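# Fold and geometry: a report
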Amino acid sequence: MTRPKSLQVHVTVELAERVRAAAKRHDISVSEWIRSLLSQACENDDLASKLETSVDRISRQSVFTMVGVDALLAGHADHGLRERAHQAYARKCKELGFTANASEGGSDEA
């Protein structure tokens, strides 16, 4: 087994006391308690990065869908359909407590 690598951190007296108390409550050493927190933080960082990538992908897909639907509505034989869809969108957003923003699929009109 390889020897563990030591890391050093400087904290206030108050934080050191809190860390010791938390480790004691969990009935583990301070090193073990801090090690578990560091491990969780690294894993959460990876999850946050994956989440950010997923949100970015979904946002791009949503924009493509919005542009495509708007183009289909604009070219529809019923020329009033696009405006009615925008009005219905604004009503639904208001009903759900969202703001109907033109950059998010709402009507261009204020």
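Refer to the structure presented above.
The following paragraphs examine the structure supplied in this document. (Residues numbered from 1 in each chain as written. Predicted model: local features only at pLDDT ≥ 70, side-chain atom pairs only at ≥ 80, totals over all residues. Heavy atoms only, no water.)

## Regarding the layout of surface pockets
The space that makes up the largest pocket amounts to roughly 610 Å³. Around the largest pocket, the lining is made up of 18 residues, and of these Leu7, Ser31, Ile34, Arg35 and Leu38 lie nearest the centre. Residues of the lining of the largest pocket, tallied by class, amount to 12 nonpolar, three polar and three charged. (1 Å grid on protein atoms, 1.4 Å probe; cavity = no way out; pocket = protein on both sides within 12 Å on 5 of 7 lines; lining within 4 Å. Points joined across faces, edges and corners; volume = space filled by probe spheres on them. Nonpolar A, V, L, I, M, F, W, Y, C, P; charged D, E, K, R; others polar.)

## Some details on the pattern of salt bridges
If the charged atoms of two oppositely charged side chains come close together, the side chains can form a pair. Summed over all chains, the structure comprises four salt bridges. Between arginine 60 and aspartate 56 there is a salt bridge, with the nearest N and O atoms lying 2.4 Å from each other. Separated by four residues within a single helix, arginine 60 and aspartate 56 lie in helix 2 (residues 30-74), roughly one turn from each other. By relative accessible area, which is 42% here, aspartate 56 ends up partly exposed. (Salt bridge = Lys/Arg side-chain N within 4 Å of Asp/Glu carboxyl O. Helix = DSSP H or I, 4+ residues; strand = E, 2+ residues; numbered from the N terminus. Buried < 20%, exposed > 50% of the residue type's maximum accessible area, 1.4 Å probe, protein only.)

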